[in-house]
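# Commentary on secondary and tertiary structure
So the chains spell out like this:
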Amino acid sequence: MASTSGFNNGRQPENENTDASQAAPSTPPTFSVVSLFSSCFGWFSRFFPTRLDQSSYAAPTSTTISQSQNEVTNALQGMAPNSSTSAMKNLPYVYINHHSPDVKETFATTLSNTLNGMGLRVFLGSKEFKLEDSWPKEIEEAIRSASLHLAIFSENYAQSPRCLAELSLMLETDTQIVPVFYHILPEEVRYAKGVFEKAFSLHEKEPRYTQKLQEWKNALNTVSFNIGQIVNTEYDEVELLKKIVNSVSKVKKKLPFAVAEHPIGLDEAVNDFEMTIQSAEHHHPLHIVGLWGMGGSGKTTLAGQYYNNKYKTMEKSSFVFDVRDAANKSVLHAKQKELLEALGLKDVRVETIEAGKGMIASRLKSVRVLLVLDDVDDVEQLDALLPNKESLGRGSLIIVTTRDFEVLRSWGISTVYKMKILDPHHAEQLFCWYAFSQPSPLQRFQSLVKDFLNVCGGLPLSLKAFGKQLNGNTSKDYWKQQLEISRLLPRDIRESLKLSFDALDDEEKEIFLDIACFFIGEEKSTVLDVWDGLRWNGLHSWEKLFNKCLVELDDGERIKMHNHLRDLGREIANQQSPYRITAFCFHIKLLKSMPIMKHR
């Protein structure tokens, strides 16, 4: 998920209402602004291009699992979660510290595949490095961000300065370490005896290791006493795998999940979010809070970090990913089953959504739970997963993330936290981490970085996508080329934003395209007059767009839209409606200068 920052503490959007007298008729009148405009300017298309003004927009162009693992996997049927692809990146993450020549090609690889099958992400590094060099970036990041560490102590483990240095760093992180004694006794590791003593005698001859020896011995001693240790002095790897799986299964439920590779501004965001919750609790007991923002703004990241900070304080906890996607695939009952198992019901069968609702209602009122329902876009999804919102267990907290404020309002969620884009400082840091693997730009790229920051507009998903796209390329010509075609959005950005567009009805889509093509920077009242002249219910559609975070207003009541939404809208308009009435600035200015004829 992307990092997040800056919030509007609990502020909700102001909504305008229309009465029945202002409702648009079901059929348009015979006379409209469009017909007047077409009759006056129909000749224009004979002499001018029919597509969008190319000066402001460039149209896009086409563009051997081992037998032992099988035995363990067969014994673990039913343990692996049904996580969707988009949620995989948030799964708990395990770092396996091991000596490659001893175990990499046999035991460690099989273990890694088995843990993957349990729904865990695994880092299985093997790269050796000299201690006088800086830490390999990917190894240090992997160790520091892991949810669980496994240390496989083997016969030649202590011969590797890398293994010993990794173990010391693992201890610094305070993340749980499960020791595995592979064909070796714990006493040899704990007190540096036997083959470990021989290895340290070799290290003592190396002056560069002198200051590290005692640190490494202390690390071995500390980890060897850890709970959950697994001892295997025989050569039954299937049995050893089963022991590790059982041990990991016990701690898996208590593991936090990964939220962001580079959590820029995340701590500040979590503090702001928590202050909103605390402020609301001063006025009334708070059980449900909404987290509202446009696609790619970091809702899941923020909710995930808050969840990681708080889940241990609750009796039960669950983070239900991708609710909208499950509903679209008609597998919402699978999410109900996932929630019920997190609430303590084992081997539960959910035949229908209605049956699941009854079980969830009964369970939620009896426990203190922290529950996150992520990416909700319809009240029916809330009804399926939160059927008894009025009788939750004392001290429970439910967080609902959504792009659509109307979902929260319809469900009676009064405390809503509005996401904001990243501030310029955090935006630059996040972009640079992905583009340069450091928090600041290379000196000769400073100007180009600013240009890309303007394109991204502070959206975390965009900063990450463009940064990754540019990473490793130090050609300024390449950067300039990518900047020129930046309106051709990377696929993950486009897909994320288009979800909101696809959820609109036909009239709302037309109004969205009008804004994207021409009404950005115009006064809202003037634009509503134009839509009224077309006999469209402009105010209602405007509110729908606003509630879905597709449009905004500045302090002067002028319309704003994120750069990427603008470019997406223009691309769609260019592909679908080349003769669109809003295609030319000159036309619209003339249209707005004409008397608007309204039909009541």
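Residues numbered from 1 in each chain as written. Predicted model: local features only at pLDDT ≥ 70, side-chain atom pairs only at ≥ 80, totals over all residues. Heavy atoms only, no water.

It is the contact of helix 9 (residues 195–203) with helix 10 (residues 213–224), at a shortest axis distance of 11 Å, that shows an interaxial angle of 160 degrees. Regarding the angle of helix 9 to helix 10, the classification is roughly antiparallel. Handedness of the crossing formed by helix 9 with helix 10: right-handed. Between helix 9 and helix 10, the residues in contact are Phe-196, Phe-200 and His-203 and Leu-213, Trp-216, Lys-217 and Leu-220, respectively. In terms of residue class, the contact of helix 9 with helix 10 is made up of 5 nonpolar, 1 polar and 1 charged. (Axes fitted to C-alpha atoms, helices over the stretch in contact; angles between N-to-C directions. Helix = DSSP H or I, 4+ residues; strand = E, 2+ residues; numbered from the N terminus. Parallel < 35°, antiparallel > 145°, perpendicular 65-115°, else oblique. Left-handed = near helix turned anticlockwise from the far one by under 90°. Contact = heavy atoms within 4.5 Å. Nonpolar A, V, L, I, M, F, W, Y, C, P; charged D, E, K, R; others polar.)

Summary statistics for the chain give a mean pLDDT of 78 and a share of 76% for residues scoring 70 or more. Within the chain, strand 10 (residues 397–402) carries the highest mean pLDDT (96), whereas helix 2 (residues 44–47) carries the lowest (30). Within the model, pLDDT remains below 50 along residues 595–600, and this stretch shows 11 contacts once partners closer than five positions in the same chain are excluded. (pLDDT = per-residue confidence, 0-100.)

Time to look at the side chain of Ser-297. If you trace the backbone, Ser-297 turns up in the loop between strand 7 (288–292) and helix 13 (299–310). Engagement of the side chain of Ser-297 in a polar contact is seen with the backbone oxygen of Met-294, the distance being 2.7 Å. (Polar contact = N/O pair within 3.5 Å; in protein donor to acceptor, adjacent residues only side chain to side chain.)

This model, assessed by the stated rule, comprises 22 aromatic pairs. When the centroid spacing of 5.6 Å and the interplanar angle of 35 degrees are considered together, the rings of Phe-153 and Phe-181 count as tilted. Taken together, the residues Phe-153 in strand 4 (residues 148–153) and Phe-181 in strand 5 (residues 177–182) connect sequence positions 28 residues apart. For Phe-181, a relative accessible area of 0% translates into the label buried. Members of the aromatic cluster, connected to one another through ring pairs, are Phe-431, Phe-436, Phe-445, Phe-452, Phe-466 and Trp-479. The ring of Trp-411 carries the charged tip of Lys-389 above its face, separated from the ring centre by 4.3 Å. It is Lys-418 that lies over the ring of Trp-292; its NZ or CZ is 5.1 Å from the centre. (Phe/Tyr/Trp six-rings, centres within 6.5 Å; stacked < 30°, edge-to-face > 60°. Buried < 20%, exposed > 50% of the residue type's maximum accessible area, 1.4 Å probe, protein only. Lys NZ or Arg CZ within 6 Å of the ring centre and 35° of its normal.)

Among the 5 residues in strand 7, 5 count as buried, and that is most of the element. Covered by surrounding structure in strand 7 are Ile-288, Gly-290 and Trp-292 together with Val-289 and Leu-291, the residues of both alternating faces. In this structure, strand 7 lies alongside strand 10, joined through 5 bridges in parallel fashion. Each residue of the ladder has a partner; that of Ile-288, found in strand 10, is Ile-398. When strand 7 meets strand 11 (residues 416–420), the two strands line up parallel, connected through 3 bridges. (Pairing = 2+ DSSP bridges.)

Looking now at the nonpolar core. Core analysis: the biggest nonpolar cluster contains 85 residues, and Leu-373, Phe-431, Trp-479 and Ile-515 have the highest contact counts within it. Leave out the neighbours within four places in its chain, and Phe-431 touches Val-449, Phe-452, Leu-453, Leu-463, Phe-466, Gly-467, Leu-470 and Trp-479. One finds Ala-151, Ala-165, Leu-169 and Ala-219 within the second-largest nonpolar core, a separate group that totals 30 residues. (Core = buried A, V, L, I, M, F, W, Y, C linked by side-chain atoms within 4.5 Å.)

This paragraph deals with unusual backbone geometry. Even without being glycine, His-183 reaches a positive phi, approximately 60 degrees. Take His-183: it is sitting in the loop between strand 5 and helix 8 (186–190). You will see that Ser-437, though not glycine, has its phi angle at about 60 degrees, which is positive. Structurally, Ser-437 is set in the loop between helix 19 (424–436) and helix 20 (446–456).

Another point: the environment of Gly-358. As for its position among the elements, Gly-358 is in helix 16 (residues 353–364). Here Gly-358 falls in the partly exposed class, since its relative accessible area comes to 43%. Sequence-wise, Gly-358 and Ala-384 are 26 residues apart; in three dimensions their C-alpha atoms are separated by 9.3 Å.

Along the chain, the position of His-562 falls in the loop between strand 13 (559–560) and helix 27 (563–576). His-562 sits in the buried class, given a relative accessible area of 9%. At a separation of 3.4 Å, a polar atom in the side chain of His-562 contacts the main-chain carbonyl oxygen of Gly-457. At a separation of 3.0 Å, a polar atom in the side chain of His-562 contacts the main-chain amide nitrogen of His-564. Setting aside chain neighbours within four positions, we find His-562 in contact with Met-294, Val-455, Cys-456, Gly-457 and Leu-459.

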